[in-house]
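Residues per chain are reported as follows:
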Amino acid sequence: MGIHAWRPRVFAAVLLIIGAGPARAQVAEVAVERRLAEELGLSIGDTFRIGPAVDSITKLGLVTAIYEPRPDPAEIAKRERHVRLHLPDLAALLGAPDRVDRYGVGLRPGVSPDTAAAALNRSAFGYRAYSSRAIASESSQTLLVVSRFHRAIAVITIVASAVFLLCIMLLKVEERRMDAAVMRFVGVRRRTIFGALLLEAALIAAFGSVAGSGLAYLAGAATNAYYRRFFDTGLTFSLITPTIVLFSVGLSLALGIVAGAVAAWRLVHTRPLVLWGRG
Amino acid sequence: MSGLNWAVQNLIRQRLRTLLAVSGIAISAAMLLDMVMLSGGIEKSFAELLLAKGYQIRLTPKGTLPFDTEATLDRAGSVVGRLRRDTAIESAGAVLGTSLYGRSRDSLVTLVGYGIQPEAQGIYQMQRGRDLTPDDTLGVLLSPAVAGLLGAGVGDTVSLVGRLDPQVAAAGVSRRLVVRGIVRWVYDYRGQPSVGTILPVMQALASGGRPDDTASLLLVKVRNDAAVPAVADRLRKEFPRLEVYSVADLVRFFKQRLVYFRQLSYILATMSLIVTVLLITTLLTITVNERLGEIATLRAIGIARSTVVRQVFIEGTVLTVVGAALGIVLGLATARYLDSILTSFPGLPAAFSFFVPRQESLVTAGLVLMVTGSLAGLYPAWLATRAPIAATLRSEAT
């Protein structure tokens, strides 16, 4: 098998940190997450006490780095704070030497991660090997559920918007009853009136679509600004892609034109006297 | 003709537009109801889940939420003993959660193991067979998923394996146990393969056979519900090494984690109301404009302005009531679908619901919609009363 690196990656634990204390010789080097450093008022070079339980916060840690964790959508709601220690320091702190939670394995070029994982699972005992893709797929389940929920809400919103649009277009065209009656009285052909009303409906739908796109852009920007501040993260919460804009504009135009056509067709096939209110 | 009849006749006269308006209001009402259920349902469902067996307080290792990490608390037996001696406490029990393996023919199946104290347990409900007794060192309880995985039923013997040692390719500790019963673990996600033994057996499996007195969680049932906050405060002082959570505390943490959904529900509910207002206002405004001649005639023969205003209001209310009634049916159906999506969150207890249909949700959504729908008729009603009688009649006549 083409394994060329095999090293312990992580030993995660709940650690408790309090206050700052005097520097000593036996100090563990600690990288502190930026948000935690801000909350505790820590900066590089500070020392603090650290321990696995309230009654054993006895070891000293030295802040050697402050880091910004990679934004992770699956983690933002947890509001957990992290520190990173050298593995031997963390193992010593927890009194659990030579123990890790997981290993990272780098494969030689050309070796399939799934094949390597299957081989490890066949040959070893006491652990389970996963390819990075399998882990990514598993850990993205939460986001897939959120995505499905958003899609379902989007479908309901589209149906509601479609009905709203149909209703408005119908009313808008019906407002032109008197105009249509006058045009019919002076001899304008039905086809011309139908075309004029359809054009008007299309223009309104186009204008509404453009305005709606602008509104969506502003709402998206506001959503991103709010949630980035709320969760203190750089993640993008609302993403308006050209595909989404094209779909929305296309749907609005199609619905507007269809609604306009239906209403206009009804109008031009109504007797002029009825349109005039004397029929 | 009564005001209601008049309104209904007017709406029937414009069938297509009435149908579209009612459809729009119904969809908006459905969305509003769903969002009202979502905003309140999360915390209510979670609180009910936590109180499923009546335990109002949880104690966990400092800095952790129940079963959120693998952290355990030491000397669990001594802490439980102290809790049980407290006169305000009806019962207290420890739970240890760990991962272990079950033997299925020649392979091992990964399982979730719970060590429990049967005399004070709040995490499972019996489905078949009988419960463990406090000194039953040979018994085990299985979830239906494990029974299926191991092909075992009540009375069968299963083999559980604790910590595995990769160096020597052997199990650290193994136990053969008799299945006493099939249970539903209250906080398990759908299909979770869980087994339960009495606490010492699970402690031995988790620690590789070494003597151990750890637990992941302590459950406390207080005699008097009203005394829960006071007891929780007292326990915080008494056990500074532990985190003490009442159900209200846990609901607060849970709400923080799901704050996104609550905020989304508020935004979508507001949008639904805006759509409803726009629909009703637009429809009634155009209807009033079309009927200005009719309104002017009525005013000319002595019908009071208040009657005209009432008429427009009734029309708006009829639209809202019909739309809302349809919307409630539609909302309940869509809520089930949306709930089925959100409850597929990995790790979420199977008994949890995001959309909980309750009388108060229906009443709240209905009232909000009725008030909004009625207010939406204000502008068209104002237009109707401002119509100049003589000018309108003259214009109608020409």
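Being a predicted model, the structure only gives us computed values, none of them experimental.

About the cut-offs
Residues numbered from 1 in each chain as written. Chains lettered and ligands numbered in written order. Predicted model: local features only at pLDDT ≥ 70, side-chain atom pairs only at ≥ 80, totals over all residues. Heavy atoms only, no water. Domains from an automatic or database assignment. Contact = heavy atoms within 4.5 Å. Buried area = accessible area lost by both parts, 1.4 Å probe. Salt bridge = Lys/Arg side-chain N within 4 Å of Asp/Glu carboxyl O. Polar contact = N/O pair within 3.5 Å; in protein donor to acceptor, adjacent residues only side chain to side chain. Nonpolar A, V, L, I, M, F, W, Y, C, P; charged D, E, K, R; others polar. Phe/Tyr/Trp six-rings, centres within 6.5 Å; stacked < 30°, edge-to-face > 60°. Buried < 20%, exposed > 50% of the residue type's maximum accessible area, 1.4 Å probe, protein only. Helix = DSSP H or I, 4+ residues; strand = E, 2+ residues; numbered from the N terminus. Lys NZ or Arg CZ within 6 Å of the ring centre and 35° of its normal. Pairing = 2+ DSSP bridges. Core = buried A, V, L, I, M, F, W, Y, C linked by side-chain atoms within 4.5 Å.

## Observations concerning the domain arrangement of chain B
All names here are of chain B.
- Domain boundaries in chain B define domain 1 (2-49 + 258-397) and domain 2 (63-240).
- Centre-to-centre separation of domain 1 and domain 2, based on C-alpha positions: 51 Å.
- In this complex, domain 1 contributes seven residues to the contact, which on the side of domain 2 involves six residues.
- Surface buried jointly by domain 1 and domain 2 totals about 540 Å² across both partners, of which 51% is contributed by carbon and sulfur atoms.
- On the domain 1 side of the interface with domain 2, the three residues burying the most area are L49, P349 and A350, jointly 61% of the side's total.
- Run the count over domain 1 and domain 2 and you get zero salt bridges.
- Our enumeration of links across domain 1 and domain 2 arrives at two residue pairs in polar contact (both at pLDDT 80 or more).
- Classifying every residue of the side of domain 1 that touches domain 2 by side-chain character gives five nonpolar, two polar and no charged.

## Some words on the packing of aromatic side chains
- Taken as a whole and assessed by the stated rule, the structure comprises 21 aromatic pairs over all chains.
- Here the aromatic rings of Y226 of chain A and Y227 of chain A are separated by 5.0 Å at their centres, their planes lie at 75 degrees, and the arrangement is edge-to-face.
- Classification of Y227 of chain A by relative accessible area gives buried; the value is 4%.
- Ring centres 4.0 Å apart and planes at 15 degrees place the aromatic pair F46 of chain B and F254 of chain B in the stacked group. Here F254 of chain B lies in helix α7 (residues 247-257) and F46 of chain B lies in helix α2 (residues 15-50), a separation of 208 residues in the sequence. Neither F46 of chain B nor F254 of chain B differs from the other in exposure class; each is buried.
- When the ring centre of Y67 of chain A is taken as origin, the NZ or CZ atom of R84 of chain A, which lies over that ring, is 4.3 Å away.
- Stacked on the ring of Y55 of chain B, the Lys or Arg K221 of chain B has its end atom at 4.9 Å from the ring centre.

## Here we look at the interface of chain B and chain A
- Contact residues are listed per partner, giving 55 residues for chain B and 40 residues for chain A.
- Here chain B packs against chain A, burying approximately 4,000 Å² in sum over the two surfaces, 75% of which is carbon and sulfur.
- Scanning the region where chain B abuts chain A turns up zero salt bridges.
- A breakdown of the residues in the side of chain B that touches chain A according to their chemical character gives 34 nonpolar, twelve polar and nine charged.

## Thoughts on the pairing of strand β2 (residues 89-104) of chain B
All names here are of chain B.
- Counting buried residues along β2, twelve of its 16 residues qualify, which places the element largely inside the surrounding structure.
- Relative to strand β11 (residues 217-222), β2 runs antiparallel, the two sharing six bridges. For G93, the partnering residue across the bridge sits in β11 and is L219.
- Pairing geometry for β2 and strand β3 (residues 107-116), over ten bridges, is antiparallel. When the sheet's bridge partners are listed, S99 is paired in β3 with V112.
- Connecting the antiparallel pair β2 and β3 is a turn made up of two residues, with R105 showing a positive phi of about 55 degrees.
- Pairing geometry for β2 and strand β6 (residues 157-161), over two bridges, is antiparallel. Bridge pairing in β6 links Y101 to V161.

## Thoughts on the domain arrangement of chain A
Residue and element names in this part refer to chain A.
- Examined at the domain level, chain A breaks down into domain 1 (8-94) and domain 2 (140-276).
- Across the contact, eight residues belong to domain 1 and eight residues belong to domain 2.
- Overall, the association of domain 1 and domain 2 removes approximately 740 Å² of surface from exposure, summing both partners, and the carbon and sulfur fraction of that is 64%.
- Linking R34 and D232 is a salt bridge whose minimum nitrogen-to-oxygen distance equals 3.0 Å.
- Viewed at the interface, domain 2 and domain 1 are joined by three residue pairs in polar contact (both at pLDDT 80 or more).
- Residue classes in the side of domain 1 that touches domain 2 are distributed as four nonpolar, no polar and four charged.

## Focus: the nonpolar core
All names here are of chain B.
- Counting 57 residues, the largest nonpolar core has I57, L59, L83, L142, V195 and L218 as the members making the most contacts within it.
- If one sorts the elements of this core by residue count, β2 sits on top with six residues.
- With sequence-adjacent residues up to four places away left out, L218 is seen in contact with I57, R58, L59, L73, V79, V80, L83, G93, A94 and L242.

## As for the pattern of salt bridges
- By the definition in use, this model includes 16 salt bridges over all chains.
- The salt bridge involving D249 of chain B is made with R252 of chain B; its shortest N-O contact spans 3.4 Å. With a gap of three residues between them, D249 of chain B and R252 of chain B both fall in helix α7, about one helical turn apart.
- Residues joined in a network through salt bridges with shared partners are R34, E38, E68 and D232 of chain A.

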